[in-house]
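# Summary of the model geometry
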Amino acid sequence: MTSEPPLVLDIDGTLTDDDGRLDPRTFTYLQAWDAPVVLATGKSFPYPVTLCHYLGIDLTVIAENGGVVLADGEVSYQGDRERAQAAAEAFIERGGDIGWEGFDDANEWRRTEVAVNISADEDLLRSVAAEFDLEVIDTGFAYHLKTPGVEKGDGLTAVAASLDRRAEEFVAIGDSENDVSTFRVAGTSYAVANADPAAREAADVVVDGSYFDGAVSVLESLGSS
């Protein structure tokens with residue numbers, strides 16, 4: 001039987017349902033996977049680390065769209081959080097709204113970028129970002145105000161090296177613009193049916209199933225039971 005390939009998996013929109021809830025089947029599939037599993041997300045660092053703990057898999061994580069990488073017990077940070085914060089404050093001063101009411105769990109533990117609610121004024125946010133030499137990534141769940149050149153794909157290259165693997169060995173599954181760089185680096189890439197146009201265009205294959213149903217179809221085709 002062909003051995004299972006290492007995986008790099010987005011979380012929101014890929015391992016979740018359409019309400020953003022983690023699909024409980026992730027425990028069955030990922031715990032049984034007989035190769036490295038990398039969780040690659042736009043969420044802040046604690047989220048994928050915690051998910052790894054509860055899944056019972058190694059702590060191998062790409063967080064904040066490549067801004068934080070954890071592999072083989074070592075953490076590295078890329079991206080200028082101070083500049084992103086300054087831009088966010090300028091956005092607010094010009095009438096923009098970050099959009100998180102009450103406790104801001106989107107940014108409380110974020111180290112390398114700032115997440116802005118998807119309801120925010122996108123044109124104003126992009127204008128301010130350009131003034132600070134930053135970029136805005138739309139993940140479908142939030143706008144991410146981030147340092148240009150910091151990408152999930154770079155994180156995968158770093159993770160693969162730390163695991164004595166090649167990035168081309170990995171199979172990637174995702175749904176969003178922030179997965180495009182991962183798709184370019186991984187050997188094979190799959191977009192789930194709910195993926196945005198950028199992810200669909202970049203993927204090698206667009207599967208019929210949405211959310212984790214789509215991911216399951218890929219995992220089963222690759223040999224997981």
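Everything discussed here concerns the structure shown above.
A short tour of the structure in this document, coming up. Positions within a chain are numbered from 1, following the residues in the order the chain's sequence is written. Restriction of local features to residues with pLDDT of at least 70 applies here, the model being predicted, together with a cutoff of 80 or more for giving and counting side-chain atom pairs; totals for whole chains, interfaces and linings are based on all residues. The side-chain quantities take in all heavy atoms of the structure and omit both hydrogens and water.

## Focus: the overall build of the chain
Operational definition: In this text, helices come from DSSP runs of H or I with a minimum length of four residues, and strands from runs of E with a minimum of two, each type numbered from the N-terminal end. Within these notes, the globule rule equals 2.2 Å times the number of residues to the 0.38 power, and the radius of gyration is based on C-alpha atoms. Accessibility here uses a 1.4 Å probe with only protein chains present; expressed as a share of the type maximum, an area under 20% marks a residue as buried, one over 50% as exposed, and anything in between as partly exposed. The criterion used for residue contact is that any of the two residues' heavy atoms lie within 4.5 Å. The method behind every accessible area is Shrake-Rupley, applied with a 1.4 Å probe, and residues are considered shielded solely by the protein chains displayed.
Check the secondary structure of the chain and you find eight helices and 11 strands. Computed over C-alpha atoms, the radius of gyration of the chain comes to 17 Å, within 12% of the 17 Å expected from 2.2 N^0.38 for 225 residues, which places it in the range of a compact globule. When burial is assessed residue by residue, the chain has 51% of its 225 residues classed as buried. A fraction of 54% describes how many contacts in the chain between residues 6 or more apart in sequence connect residues 24 or more apart. Entry remark: accessible area of the chain is about 10100 Å², with carbon and sulfur atoms responsible for 46%.

## Side note on the side chain of S44
Within the element layout of this structure, S44 appears in the loop between β2 (37-40) and α2 (46-55). A relative accessible area of 0% means that S44 is categorised as buried. Leave out the neighbours within four places in its chain, and S44 touches A63, E64, D105, A106, W109 and R110.

## Concerning the environment of R83
Keep this limit in mind: Counted as a polar contact is a pair of N or O atoms within 3.5 Å, where, for protein atoms, one must be capable of donating a hydrogen and the other of accepting one, and residues adjacent in sequence contribute only when both atoms are in side chains.
Along the polypeptide, R83 turns up in helix α3 (residues 81-93). For the pair formed by R83 and L156, sequence separation is 73 residues and the distance between their alpha carbons is 24 Å. If we skip the residues at most four places from it in the chain, R83 touches F132, D133, L134 and T147. Side-chain polar atoms of R83 contact the backbone oxygen of D133, separated by 2.8 Å.

## Re the environment of G96
On the secondary structure map, G96 appears in the loop between α3 and β6 (114-117). You can call G96 buried: its relative accessible area is 12%. In sequence terms G96 and T41 are 55 residues apart; their C-alpha atoms lie 25 Å from each other.

## Description of the packing of α3 against helix α4 (residues 122-131)
As a reminder of what qualifies: All axes are obtained by fitting lines to C-alpha atoms, using only the stretch in contact for helices, and the reported angles, taken between N-to-C directions, cover 0 to 180 degrees. An angle below 35 degrees is treated as roughly parallel, one above 145 as roughly antiparallel, one from 65 to 115 as roughly perpendicular, and anything else as oblique. Throughout, a crossing is termed right-handed when the near helix is turned clockwise from the far one, and left-handed when it is turned anticlockwise from it by less than a right angle. Amino acid classes used here: Ala, Val, Leu, Ile, Met, Phe, Trp, Tyr, Cys and Pro are nonpolar; Asp, Glu, Lys and Arg are charged; the rest, including Gly, are polar.
One way to put it is that α3 packs onto α4 with a least axis distance of 9 Å and a crossing angle of 135°. Classified by the angle between their axes, α3 and α4 sit oblique to one another. The interaxial crossing formed by α3 with α4 has right-handed handedness. Across the interface between the two elements, A87, A90 and F91 of α3 pack against L124, L125 and V128 of α4. Tallied by class, residues from the contact of α3 with α4 come to six nonpolar, no polar and no charged.

That's the geometry; what it means functionally is another story.
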